[in-house]
Amino acid sequence: MILRLVLKSIFARGLVASMTILSIAFSITLFLGVEKVRTGAKASFTDTISDTDLIIGARSGSIQLLLYSIFHIGNATNNLSWESYLEIKKQPQVSWAVPISLGDSHKQFRVMGTTLAFFEHYKFRNDQSLTLAKGNLLDGLYDTVIGADVARSLGYDLKDSIIISHGIASFSEHKDHPFQITGVLEKTGTPIDRTIIVSLEAIEAIHQNWSPTPQSLEEERLSPETITAALVGVERRIDIFGLQRAINNYPKEPLQAILPGVALAELWQVFSIAEKAFLGISIMIICTALIGMLAILYASLNGRRREIAILRALGASPWFILKLLILEAGIICTISSILGMGALYVILLILQPYINSNYGIFIPILAPSKTEISVIIGTIIAGIFISLLPAYRAYTNSLADGMNVKS
Amino acid sequence: MPQPVIKISDLSFLRKSNPDFVMNIAQFEQKAGENILLLGESGSGKSTLLSLIAGLEKPQDGHIFVAGKALNSLSKTKIDQHRALHLGIIFQQLNLLPYLSVYENITLPLKFASLHKSDIDTLNEVKRLCTQMNLPLDVLNKAAGKLSVGQQQRVACARAMIGQPKLIIADEPTSALDSRSQDRFLELLFQESNKKQCSILLVSHDKRLARYFDRTVEMGSILKPTGKTK
């Protein structure tokens, strides 16, 4: 009976109740939305590279190595010799290794020299491989495959020619070695989207001012002396730490091997203050909505004294009145939570492709997480807890009013 | 000799929120089946007396027996149940919960009284009461807030009569009605109360209503002088 009474009472105060519900629902949508973006951004960030066991470069800091080799931010303080790379690649623990050579650019985008093995072994977001939106992988010496953002920003398409500049933000261009776009990659949400990929030999060729002739197409002549970094996969995961230790103690040159996952997590810590600020703002939003509900419940008490007096006269106990208001708050918060969560999923369904393609943040549409469920339950409990104040007031009013309420 | 439906002795009530208001009653009694008109000026404590009889407020001292029970011997829960089961209450106006249907309003006291009747028996009783109160049966599913004031008072009357009321207490139930509707309302109220053999204690400041009642009691005559009034 009490449930029916509460529901009818809520419906009877349709406008005020719906405004309260909307306000809390909106706050919950906002909170969960921010939470989804936060976890999505974190997941997208930490999934920038997966299935690579070690990143190897010249000795510096782990975050610095991660930044320049994977995020293409900044430059390496030193390079890794090609001989060392080949030696490491030959180690029995190593399953595969992919060299990376950075340093040149085209407009604002970085150029990365690598081998075809990069397309096979570079994995991101749950071990997804790079896929071509159109065209083919590198075949000729001056072929290039470009990332989705490069193609979109510069309006490039297959068979377009591009000139690579020496270094970053340099006016020195390798004009005599134009590259032809042979492939455009699908959007990945990783720094690859903003990268121009060429062959390692091509990087060597443009820096030697070398033009291919039939007799010069010998692999040796185009072998680099140094590379920027290398991605390595091991045969058995148990070998990772042994190999890392061996590389870190490599006698011929100072090298460093980092675990990408650990370095990514370290790097994410840099953003933790912003993350906490977001969380704080979201919690404040929910608190504001709950205080709004408290104000509305309080404000409506006077208008409901008559209703409460009638119920008391018919035999309702003060405890019943207390339960009535608490249940009402609980129902308002529950409806708000369901509505807020539903709205979030509708918004996600609509905006997920847009956010993914424009901001590289992939927000998976999954069943509510434990955190989200905790937020919902927490909101309902907080709503009920807050309603104790007006409910207690109604309880004491009902004791004091008796039959004396006239309006 | 039948037991009185109300018996008050040596009652003393002080409202904590208003220490100027003191009510002392040495003796007041209403016999079973007797209908009393309680007359008094506005602010004389009529509604407070009804609250005390209904068990909605508790005196500091004295005894109140209602429908055979000493209220001060009952727990709060039992008082609420006793009120739901044996008392019918009619207010001056705004008697109903406007968002509930007429049927739901009438049957509400049964829920609080834990009086288990079959749905069919309840429906038949509601229909009978509505017919008795000159209410068309098609109003049963209407929201109570959509009825006229006169109809609302008759629904409140039907609600007061549902269950097993031994006493109907009414706080100026006719003051919002015109004189013709007043007469009609009181006729219907008395017809039904006679059928149910319950007593009526009706509070009013309108002396013209006295002809309907067995006895008229002036509020001033039962109050012990204290020097303090509301």
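These numbers were taken from a predicted model, which means no experiment stands behind them.

A.B. asks: I'm lost on the overall build of chain B in this one. Help?
C.D. replies: Within chain B, the regular secondary structure consists of 7 helices and 9 strands. Taken against the 2.2 N^0.38 rule, which gives 17 Å for 230 residues, the C-alpha radius of gyration of chain B at 17 Å falls within 12% of a compact globule. If one aligns the C-alpha atoms of chain B with their principal axes, the spans along those axes are about 55 × 40 × 40 Å. The buried share of chain B, reckoned over its 230 residues, is 54%. In chain B, once contacts between residues fewer than 6 apart in sequence are set aside, the share between residues at least 24 apart is 74%. Here chain B displays about 10400 Å² of accessible surface, and carbon together with sulfur accounts for 49% of that area. Of note, chain B has its 30 positive side-chain charges centred 3 Å away from the centre of its 22 negative side-chain charges.

A.B. asks: Would you explain the domain arrangement of chain A in this entry?
C.D. replies: Note on interface size: it is often stated as the accessible area lost on association of the parts. All names here are of chain A. Domain parsing of chain A yields domain 1 (2-45 + 271-403) and domain 2 (54-258). Relative to domain 2, the C-alpha centre of domain 1 lies at a distance of 51 Å. Contact with domain 1, which involves 7 residues of that partner, is made by 5 residues of domain 2. The largest share of the area that domain 1 buries against domain 2 comes from Phe45, Ser357 and Gly360, three residues that together contribute 54% of it.

A.B. asks: I keep staring at the environment of Ile163 of chain A and nothing clicks. Help me out?
C.D. replies: All names here are of chain A. Mapped onto the elements of the fold, Ile163 is located in the loop between strand E9 (161-162) and strand E10 (179-185). By relative accessible area, Ile163 is classed as partly exposed at 23%. Counting along the chain gives 11 residues from Ile163 to His174, while the straight-line C-alpha distance between them is 6.3 Å.

A.B. asks: How should I be thinking about the sheet that holds strand E6 (residues 87-90) of chain B in this particular structure?
C.D. replies: Sheets are built from strands that pair by backbone hydrogen bonding, the pairs being arranged parallel or antiparallel. Residue and element names in this part refer to chain B. If you trace the 5 strands from one edge of the open sheet to the other, you get E6-E7-E8-E3-E9, paired in parallel fashion. The sheet is open, and its two borders are formed by E6 and strand E9 (215-218), each paired with just one other strand. Each adjacent strand pair in this sheet contributes to an overall mean axis angle of 15 degrees, direction not counted. Here strand E3 (residues 35-39) runs beside strand E8 (residues 199-204); their pairing, made up of 5 bridges, is parallel. Within E8, the residue paired with Leu37 across the bridge is Leu202.

A.B. asks: Sorry if this is basic, but what is going on with the pattern of salt bridges here?
C.D. replies: When their charged atoms lie close together, side chains carrying opposite charge are able to pair. Summed over all chains, the structure comprises 23 salt bridges over all chains. Where Glu104 of chain B meets Lys8 of chain A, a salt bridge forms, and the shortest distance between an N and an O atom there is 2.9 Å. With Glu104 of chain B in helix H3 (residues 102-113) and Lys8 of chain A in helix H1 (residues 2-12), the pair connects residues from two separate chains. In this structure, Asp206 of chain B engages Arg208 of chain B in a salt bridge whose closest nitrogen and oxygen atoms are separated by 3.0 Å. Within the structure, one salt-bridge network assembled from shared partners comprises Glu125, Arg128, Glu192 and Lys196 of chain B.

A.B. asks: What is the right way to look at the side chain of Gln244 of chain A in this model?
C.D. replies: By secondary structure assignment, the location of Gln244 of chain A is in helix H8 (residues 240-248). The exposure class assigned to Gln244 of chain A is buried, which follows from its relative accessible area of 16%.

A.B. asks: Any chance you could explain the packing of aromatic side chains here in plain terms?
C.D. replies: Given two aromatic rings, one states the distance between the centres and the angle between the planes to describe the pair. Considering all chains together, one arrives at 10 aromatic pairs over all chains under this definition. With 4.9 Å between their ring centres and 85 degrees between their planes, Phe320 of chain A and Phe112 of chain B make a pair best called edge-to-face. On the criterion of chain membership, the pair formed by Phe320 of chain A in helix H12 (residues 318-359) and Phe112 of chain B in helix H3 is interchain, its members lying in two chains. Centroid distance Phe190 of chain B to Phe213 of chain B: 5.1 Å. Interplanar angle 80 degrees. Geometry classified as edge-to-face. Taken together, the positions of Phe190 of chain B in helix H6 (residues 179-196) and Phe213 of chain B in the loop between E8 and E9 put the pair 23 residues apart, joining distant regions of the chain. No difference in accessibility class separates Phe190 of chain B from Phe213 of chain B, as the two residues are buried.

A.B. asks: Which parts of the structure should I look at to understand the interface of chain B and chain A?
C.D. replies: Chain B puts 28 residues into the contact, and the matching count from chain A is 27 residues. Roughly 2600 Å² is buried in total at the junction of chain B and chain A, and carbon and sulfur atoms are behind 62% of that figure. Run the count over chain B and chain A and you get 3 salt bridges. Remark: the boundary between chain B and chain A carries 5 residue pairs in polar contact (both at pLDDT 80 or more). Of all the elements in the fold, those that place two or more residues in the side of chain B that touches chain A are helix H1 (46-54), helix H2 (76-86), H3 and strand E7 (167-171) of chain B. Residue composition of the side of chain B that touches chain A, by class: 14 nonpolar, 6 polar and 8 charged.

A.B. asks: Which parts of the structure should I look at to understand the pairing of strand E8 (residues 143-146) of chain A?
C.D. replies: Here is the key point about a regular strand: its side chains alternate between the two faces of the sheet. All names here are of chain A. Burial of the side chains of E8 extends over both faces: Asp143 and Val145 are buried on one face and Thr144 and Ile146 on the other. In this structure, E8 lies alongside E10, joined through 4 bridges in parallel fashion. Across the sheet, Ile146 pairs through a bridge with Val184, a residue of E10. As paired strands, E8 and strand E11 (residues 195-199) are joined by 3 bridges and run antiparallel to one another. In the sheet register, Ile146 faces E11, and the bridge partner there is Ile196.

A.B. asks: Could you clarify how one ought to interpret the environment of Gln60 of chain B in this entry?
C.D. replies: Residues and elements named next belong to chain B. Structurally, Gln60 is set in the loop between H1 and strand E4 (61-66). Note on Gln60: relative accessible area 43%, which makes it partly exposed. Sequence separation between Gln60 and Ser181 is 121 residues; the distance between their C-alpha atoms is 39 Å. Once you skip the residues sitting within four places of it in the chain, Gln60 turns out to touch Ser12, Phe13, Leu14 and Lys16. One polar contact links the side chain of Gln60 to the main-chain amide nitrogen of Leu14, over a distance of 2.6 Å.

A.B. asks: How should the layout of surface pockets be read in this particular structure?
C.D. replies: If a probe the size of a water molecule is rolled over the atoms, the empty space left behind becomes visible. Residue and element names in this part refer to chain A. Put simply, the second largest pocket is a space of about 540 Å³. If you go around the second largest pocket, you meet 24 residues; those closest to its centre are Phe71, Gly189, Thr190, Pro191 and Tyr359. Of all elements in the fold, only helix H2 (14-46), strand E4 (109-114) and H12 reach the threshold of two or more residues within the lining of the second largest pocket. With 3 residues, H2 is the single largest residue contributor to the lining of the second largest pocket. Residue classes in the lining of the second largest pocket are distributed as 10 nonpolar, 9 polar and 5 charged. Looking at the lining of the second largest pocket, you find at least three residues from each of domain 1 (2-45 + 271-403) and domain 2 (54-258).

A.B. asks: I keep staring at the side chain of Asp104 of chain A and nothing clicks. Help me out?
C.D. replies: Residues and elements named next belong to chain A. For Asp104, the position within the fold is in strand E3 (residues 94-106). No salt bridge is formed by the buried Asp104. Its closest oppositely charged neighbour is Arg110, at 8.4 Å. Those residues in contact with Asp104 that lie beyond four places of it in its chain are Arg110, Val111, Ile164, Ser165, His166, Gly167, His174, Ile203, Ile206 and His207.

What counts as what
- Residues numbered from 1 in each chain as written.
- Chains lettered and ligands numbered in written order.
- Predicted model: local features only at pLDDT ≥ 70, side-chain atom pairs only at ≥ 80, totals over all residues.
- Heavy atoms only, no water.
- Helix = DSSP H or I, 4+ residues; strand = E, 2+ residues; numbered from the N terminus.
- Rg over C-alpha atoms; globule rule 2.2 N^0.38 Å.
- Buried < 20%, exposed > 50% of the residue type's maximum accessible area, 1.4 Å probe, protein only.
- Contact = heavy atoms within 4.5 Å.
- Areas by Shrake-Rupley, 256 points an atom, 1.4 Å probe, with all protein chains shown as cover.
- Lys, Arg positive; Asp, Glu negative; His and termini not counted.
- Charge placed at Lys NZ, Arg CZ, Asp CG, Glu CD.
- Domains from an automatic or database assignment.
- Buried area = accessible area lost by both parts, 1.4 Å probe.
- Pairing = 2+ DSSP bridges.
- Axes fitted to C-alpha atoms, helices over the stretch in contact; angles between N-to-C directions.
- Salt bridge = Lys/Arg side-chain N within 4 Å of Asp/Glu carboxyl O.
- Phe/Tyr/Trp six-rings, centres within 6.5 Å; stacked < 30°, edge-to-face > 60°.
- Polar contact = N/O pair within 3.5 Å; in protein donor to acceptor, adjacent residues only side chain to side chain.
- Nonpolar A, V, L, I, M, F, W, Y, C, P; charged D, E, K, R; others polar.
- 1 Å grid on protein atoms, 1.4 Å probe; cavity = no way out; pocket = protein on both sides within 12 Å on 5 of 7 lines; lining within 4 Å.
- Points joined across faces, edges and corners; volume = space filled by probe spheres on them.

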